[in-house]
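Remarks on the overall topology
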Amino acid sequence: MVKIENLSVEYGGGNCALKDVSLEIKEGESVALLGANGAGKSTLLKTLAGLCKISSGSVEINGTLLERKNLRKIRSDIGFVFQNSDDQLFSLTVEEDVVFGLRNMGFDFQKSMEIAGETMASLNISHLANRSPSRLSEGEKKRAAIACILAMKPKILLFDEPTSQLDARSTRLLCELLKSLKGTKIIATHDLKVAGSVCEKAAVLDNSRLVKFGNASEILSDEKLLFNCSLL
Ligand SMILES: Nc1ncnc2c1ncn2[C@@H]1O[C@H](COP(=O)(O)OP(=O)(O)OP(=O)(O)O)[C@@H](O)[C@H]1O
Ligand SMILES: [Mg+2]
C-alpha cells in the first residue's frame, strides 16, 4: 500500500511542485496520474522513489515510512521507469543494462541472462540485446528502459510517460503488457486512452494539487474536470 498524507514538495527557490497531496493506493491497484505539463506528476513519482526531498507531510510504502534510513528497503520494493530513458540506460549493450539490475539483486550471471532474455522477449526487443542503448530510437530506448525495471519484478511500478515515444503498435502491446502485470502500478501519462485501458483508478493533479482521485472511467468521462485541468 502507498499512503501519502498532506505531502508537499518544494524545489530550490521556493518552487512548490506538490501542495498538500493526500492519496491512498491499495496493493495491486493501477492508478493513472493525470495532469498538464508542470502539474507535478514526475515530482510525485520521484518522491515515492525517494528521489525528492519531502518538505512536509509523509509517505508510507507497504507500512514503511519514507525517510532516509528506510530508503534501501523502500527502493527494493519500487521500480521506476523514468520519463527520460537516457537517465536509465548506461551500459554498452541493452542486455548488459537489463542484466545489471538483476546482478545487483544477487542473481548469478546465468540466471540474470535467462531473466533478461525472457523480459526482452516480452517487450519485443530481443533483437536489440546487443545494440548500444545510446544508438537506439527513442521508442526502442523506452522499451529497453522498461525491460530493465520489469526484469527485477518490483512490487510497486512507477511509470513516467511510458508510451510517450512509442508508435501505435508498441503502445498497444505495452498497454497489454502493463495490464497483465500484477502488483501496484502508478502511471503518469498524457494519453487518456492509455490511462483508460490500463488503469482502474485515476488521480488528477492541477497546479501542484490533487483535485480528484477515483474511478478511472468516471474521471475520464468527466469532460468538465478534464477541460478545467487542461487535459482536453
Ligand atoms: N529539478 C527541479 N528544480 C526546480 N523546479 C522543478 C524541478 N523539476 C520540476 N520542477 C518544477 O516543478 C513543477 C512540477 O514539475 P513536474 O516535472 O513534476 O511536472 P509534470 O507534471 O511531470 O510535467 P510534464 O507533463 O511536463 O512532465 C514544475 O513547475 C517544474 O517547473
Ligand atoms: Mg513529467
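Relevant structure appears above.
The shown structure was predicted, so the numbers you read here are calculated from the model rather than taken from an experiment.

A look at the pairing of strand S8 (residues 184–188)
Among the 5 residues in S8, 5 count as buried, and that is most of the element. Here S8 shows a buried face lined by Thr184, Ile186 and Ala188 and a second buried face lined by Lys185 and Ile187. Bridge count for strand S3 (residues 30–34) against S8 is 4 bridges, and the pairing is parallel. Along S8, the bridge assignment pairs Val31 with Ile186. Crossover handedness for the path strand S7 (residues 156–160) to helix H6 (residues 168–180) to S8: right-handed.

A short note on the coordination of the magnesium ion (ligand 2)
The coordination sphere of the magnesium ion (ligand 2), as far as protein atoms go, consists of Ser42 (OG) and Gln83 (OE1), spread over 2.0 to 2.4 Å. You can see Ser42 sitting in helix H1 (residues 41–48) and its partner Gln83 sitting in the loop between strand S6 (78–81) and helix H3 (94–105), a full 41 residues away along the chain. Ser42 sits in the buried class, given a relative accessible area of 17%.

Quick word on the site of ligand 1
What surrounds ligand 1 is a group of 13 residues, the closest being Gly38, Lys41, Ser42, Thr43 and His190. At 2.8 Å from an oxygen atom of ligand 1 is found a side-chain nitrogen or oxygen belonging to Ser42. Considering ligand 1 on its own, with 640 Å² of exposed area, one finds that the protein chains cover 65% of that surface. Elements with a contribution of two residues or more to the shell around ligand 1: strand S2 (15–25) and H1. If you tally residues by element for the shell around ligand 1, the top one is H1, at 3 residues. Among the residues making up the shell around ligand 1, the classes are represented as 4 nonpolar, 8 polar and 1 charged.

Side note on H1
The buried fraction of H1 is high, at 7 of 8 residues. By the burial criterion, the buried members of H1 are Lys41, Ser42, Thr43, Leu44, Leu45, Thr47 and Leu48. Gly50 lies just past H1 and shows a positive phi near 75°.

Description of unusual backbone geometry
Both trends apply: most residues other than glycine have a negative phi, and most peptide bonds are in trans. Phi is positive for Asp20, which is not a glycine, with a value near 55°. The residue Asp20 is located in strand S2 in this model. Note on Asp20: relative accessible area 43%, which makes it partly exposed. In this structure, Glu161 takes a positive phi of about 55° despite not being glycine.

Calculation notes
- Residues numbered from 1 in each chain as written.
- Chains lettered and ligands numbered in written order.
- Predicted model: local features only at pLDDT ≥ 70, side-chain atom pairs only at ≥ 80, totals over all residues.
- Heavy atoms only, no water.
- Buried < 20%, exposed > 50% of the residue type's maximum accessible area, 1.4 Å probe, protein only.
- Helix = DSSP H or I, 4+ residues; strand = E, 2+ residues; numbered from the N terminus.
- Pairing = 2+ DSSP bridges.
- Right-handed = clockwise from strand over helix to strand, strands pointing away.
- Donors = N, O, S within 2.8 Å, 3.2 Å for Na, K, Ca; no water.
- Near = heavy atom within 4 Å.
- Polar contact = N/O pair within 3.5 Å; in protein donor to acceptor, adjacent residues only side chain to side chain.
- Areas by Shrake-Rupley, 256 points an atom, 1.4 Å probe, with all protein chains shown as cover.
- Nonpolar A, V, L, I, M, F, W, Y, C, P; charged D, E, K, R; others polar.

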